[in-house]
Structures are given as C-alpha cells and as structure tokens.
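The primary structure of each chain is shown beneath.
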Amino acid sequence: MPDLRDHTSLRLGGPARRWVEATTEDELVAAVSAADEAGEPVLVLGGGSNLVVADDGFPGTVVEVATRGVTADVDASGGPSCSGATVTVAAGEDWDQLVAEAVRRGWVGIEALSGIPGSVGATPIQNVGAYGQEVSQTIARVRVWDRVLRGVRTFAASECDFGYRASRFKADPGRHVVLDVTFQFRQGSLGAPVRYAELARTLGVAEGGRAPLADVRAAVLDLRRGKGMVLDPVDHDTWSAGSFFTNPFLTAEQVAALPDDAPRWKQPDGTWKSSAAWLIDRAGFGKGWTSPAAGERVRLSTKHTLALTNRGGATTDELLTLAREVRDGVRDAFGVTLVNEPVTVGCSL
Ligand SMILES: Cc1cc2nc3c(=O)[nH]c(=O)nc-3n(C[C@H](O)[C@H](O)[C@H](O)COP(=O)(O)OP(=O)(O)OC[C@H]3O[C@@H](n4cnc5c(N)ncnc54)[C@H](O)[C@@H]3O)c2cc1C
C-alpha cells in the first residue's frame, strides 16, 4: 500500500488504509462516492505539497487525482488588447506545466505563479498566490463534485469567496472535489503589471510596469530557487510545504504594539497585514533554527524562515514540535498568533 510519506513534499506521513489513483473524472467521482457511501474517510490528494500528515498515516481512502486534459478556446480574431483565451484544465494537471504552457502561448496572468508545486485542482482551494499574483485573478469558474449534494456544480469566480489563501472550498474542508478549473486569460507577450517590489527590481521595471512573459517566469524561478521555494530532491531546504504560516492580519492595536520597523500594509477593511517571516526572524528563530525538543531532523529552511523542513528521516511529531515552538515564541514576543497554511491531516498544531 502506498505511503503518504512518498507522496508529500515534506516526505512525512504514513500508510493509508486504501488508495485509489483516479485517472478520469468518472473514476474520481466514483472513488469518492464509493468511500462516502461506505462511511469511509476520504483524503483527496494532489501533489501533496500543502499537506502535513500524521505519522500514523490516514485511516481511510486516499483518492489521488491524476486526471489529465487541457482545452483551450482561443480568440484570435481581435487585436492584442481584446483577444482572450478561455482554458479549461483537469484537476490533476501539473500547475507549473500549465504556467510554462501559458507563457509559451502568450496567456497572461499566471506568470508570477511560476514554480509553485502541485496540481491545478488544488490552486483554488487556498487561492495560491506569490509575487503579487493570485490564481483568483484569472479563474473564471471551478467545476466540482459536491459530496454533500452528491452532484456536479459549477461556481463562477465571484461565488468562490476568494481571499488571501482562502476560498469557500478551504472554508468547508473536504466538501468539494475540484474536477476542473477554467481560466480566462488575456493574450499578449508582456506579463501582467508587476505588483511585487522585489520582482520589479529584479526585472528592472517600476512597480506596476510590465515585462515579457518569459522574463517574468525566469525571474520568479530564480528568486524562488534562492529561497528554496522550488522543489529539488537533493536540497533539503525544499523538503517543506512552502510557507508554513500565513501572514497575519492585525488590529490597529496589535500593529501599534509591534516594533517600528515591522512590515505592515493597511487593508481595505481597516486591518493590517504583517509579515510572518519577519516576525519569526525577529522573535529569535533565524534561518536553519531548530531546538533540542524538535531535534536535528527538522529545521527552519536555511534559505527562508517561513519554511519548516525535513532534513531527512524526520517525523511529523518532530515537525509539529518545531512549528509549535515558533508559533508560541512569536506569540510571546509580539502577541500575534500565527496560523498554519498547510492542511493538517490526522494532526494539528
Ligand atoms: C516548495 C514549495 C513552495 C510553495 N510555494 C507556494 C506559493 O508560493 N504560494 C502558494 O499559495 N502555495 C505555495 N505552496 C503550497 C502548495 O504548493 C500549494 O498550496 C498547491 O496548490 C498545493 O497543491 P497540491 O496539488 O500539492 O495539493 P495537496 O497538497 O495534495 O492538497 C492540499 C489540499 O488541497 C486539497 N485538494 C487537492 N486537490 C484537490 C482537488 N482536486 N479537489 C479538492 N481538494 C483538493 C487536499 O485535500 C488538501 O486539503 C508551496 C509548497 C511548496 C512545497
């Protein structure tokens, strides 16, 4: 029986009671429905890059989404400003391969999301984002199997409740199995306006300026590699689930209590977003940190304080010990309780 340890980017987890690899949409729906009818717990698995699974594994059916297919409806009639591409992608397709294809074909809007591991079907779950882009900006609709209503439903982007690392799918865990995602891209050779200072600097454009799609992808991949944020089997700094904590949203009172140089960005709703990486670092948890309790087999990445990593042979218990120490240390230092970004299965912080 496959082990979740071999199917997660953290290389942590344990055995599953049952495992089904679904290569067609019918198989996917049938596998989930059969488990539901039998009262068996279900874990829908994409690339395993946002999962922390208990050492005991999963006492139910893992349904691995391996569906394939990309259908593009490209409008070539208009000029560059009005032509678009409507692209429907099966949930099991690899996300970064889609980004590469988009850059090659001149589909604008996901180039800054280069190098994010995992499947297309998982991207709407937490509304993946990086370097000033979020997938919600180009999603037109998401088609799902609703396990409660037992039917296929289509949600327009406006119905998905997308927010920062949030969606209706994440808010109602496990209910919706994403079958495919439809994107609406503008077409062109330049990427979308660059909304991230570090990326704009790297590209030599002003914030809000634009650069060729391929240049944006190359710059993002370079920046991400420097932070250990592109999977690399020989680099333990990438044996992670990406950022372990989300950036916190704070009240005016909380933000006033932070040191003057703490990053803060005012939000339209009056709250303030701060930087989890900065708070972790300033609370005393530098790159490469671990503690006697967590042990040597887990550490903060040596390239980025926000990634918790498996140095080889670690257990989920050890990783969670490290995560709790970081969370509690930040809370003691700044009164801010960080929340984990990856989905925990059979365990919690
Ligand atoms: C090195 C690294 C860098 C990362 N960088 C980023 C980043 O920059 N930005 C960012 O947002 N994320 C980032 N991540 C997190 C992760 O890559 C994304 O969240 C990704 O979308 C997860 O895809 P997956 O297929 O691996 O999902 P999994 O890890 O397999 O699953 C994650 C969750 O989604 C659910 N799920 C998966 N597929 C489906 C489906 N078809 N239908 C319903 N539910 C489903 C699972 O049940 C689970 O709850 C990074 C991770 C790593 C390891």
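Higher on the page you've got the structure.
Residues numbered from 1 in each chain as written. Predicted model: local features only at pLDDT ≥ 70, side-chain atom pairs only at ≥ 80, totals over all residues. Heavy atoms only, no water.

**Student:** I'd like a description of the environment of Val234, backed by residues and values.
**Tutor:** With respect to the element layout, Val234 can be found in the loop between helix H5 (213–226) and strand S13 (249–250). With 125 residues separating them along the chain, Val234 and Gly109 place their C-alpha atoms 31 Å apart. (Helix = DSSP H or I, 4+ residues; strand = E, 2+ residues; numbered from the N terminus.)

**Student:** I'd like a rundown of the site of the ligand, residues and numbers included.
**Tutor:** As a structural note, the neighbourhood of the ligand is formed by 34 residues, with Val44, Gly47, Ser49, Ser119 and Val178 the closest of them. Contacts to the ligand include Gly129, whose backbone N or O atom sits 2.8 Å from a nitrogen atom. Note that a nitrogen atom of the ligand is positioned 2.8 Å from one of the backbone N or O atoms of Val178. Listing elements by their share of the shell around the ligand, those giving two or more residues are strand S2 (42–45), strand S8 (129–130) and strand S12 (176–187). Counting residues per element, the shell around the ligand draws most heavily on S12, at three residues. (Near = heavy atom within 4 Å. Polar contact = N/O pair within 3.5 Å; in protein donor to acceptor, adjacent residues only side chain to side chain.)

**Student:** Please give an account of the pattern of salt bridges that cites residues and values.
**Tutor:** Using the criterion set out here, one finds 23 salt bridges in the structure. One salt bridge in this structure joins Arg175 and Asp146, with 2.9 Å as the shortest N-O distance. Here Arg175 is found in the loop between helix H3 (168–171) and S12, whereas its partner Asp146 is found in strand S10 (residues 139–146), with 29 residues between them in sequence. Using a relative accessible area of 21% as the deciding quantity, one classes Arg175 as partly exposed. Asp237 is the salt-bridge partner of Arg311, the closest N and O atoms lying 2.9 Å from each other. Of this pair, Arg311 sits in the loop between strand S17 (308–310) and helix H8 (316–334) while Asp237 sits in the loop between H5 and S13, and the two are 74 residues apart along the sequence. Under the relative-accessibility criterion, Asp237 is labelled buried at 3%. When salt bridges that share partners are traced, they join Asp146, Arg153, Asp172 and Arg175 into one network. (Salt bridge = Lys/Arg side-chain N within 4 Å of Asp/Glu carboxyl O. Buried < 20%, exposed > 50% of the residue type's maximum accessible area, 1.4 Å probe, protein only.)

**Student:** Please set out the nonpolar core residue by residue, giving values where relevant.
**Tutor:** In this structure, Leu28, Trp95, Ile110, Val142, Phe183 and Leu199 are the most contacted members of the largest nonpolar core, which totals 54 residues. Considering each element in turn, this core owes the most residues, six residues, to S12. In contact with Leu28, not counting residues within four places along its chain, are Ala22, Val63, Val65, Thr67, Val177, Val178 and Leu179. (Core = buried A, V, L, I, M, F, W, Y, C linked by side-chain atoms within 4.5 Å. Contact = heavy atoms within 4.5 Å.)

**Student:** Talk me through the sheet that holds S13; I want residue IDs and the actual numbers.
**Tutor:** With antiparallel pairing, three strands are arranged side by side in an open sheet as S13-S15-S14. Only two strands of the sheet have a single neighbouring strand rather than two, namely S13 and strand S14 (264–266). Two strands pair when backbone bridges link them, and S13 and strand S15 (residues 272–274) are joined in this way by two bridges, in the antiparallel orientation. Opposite Leu250, over in S15, you have Trp272 as the bridge partner. (Pairing = 2+ DSSP bridges.)

**Student:** Got a sec to walk through the packing of aromatic side chains? Specific residues and values, please.
**Tutor:** Counted by the stated rule, this structure contains nine aromatic pairs. Relative to Phe245, the ring of Phe244 lies with its centre 5.2 Å away and its plane at 70 degrees, an arrangement referred to as edge-to-face. Neither Phe244 nor Phe245 differs from the other in exposure class; each is buried. Ring centres 4.7 Å apart and planes at 75 degrees place the aromatic pair Phe285 and Trp289 in the edge-to-face group. By relative accessible area, which is 23% here, Trp289 ends up partly exposed. Three or more aromatic residues joined by ring pairs form one cluster here, namely Trp95, Trp107, Phe183 and Phe185. Here Arg11 stacks its cationic end above the ring of Trp239, 4.0 Å away from the centre of that ring. If you follow Lys273 out to its NZ or CZ, it ends over the ring of Tyr164, 4.3 Å from the centre. (Phe/Tyr/Trp six-rings, centres within 6.5 Å; stacked < 30°, edge-to-face > 60°. Lys NZ or Arg CZ within 6 Å of the ring centre and 35° of its normal.)

All quantities given are derived from atomic positions and should not be read as evidence of function.
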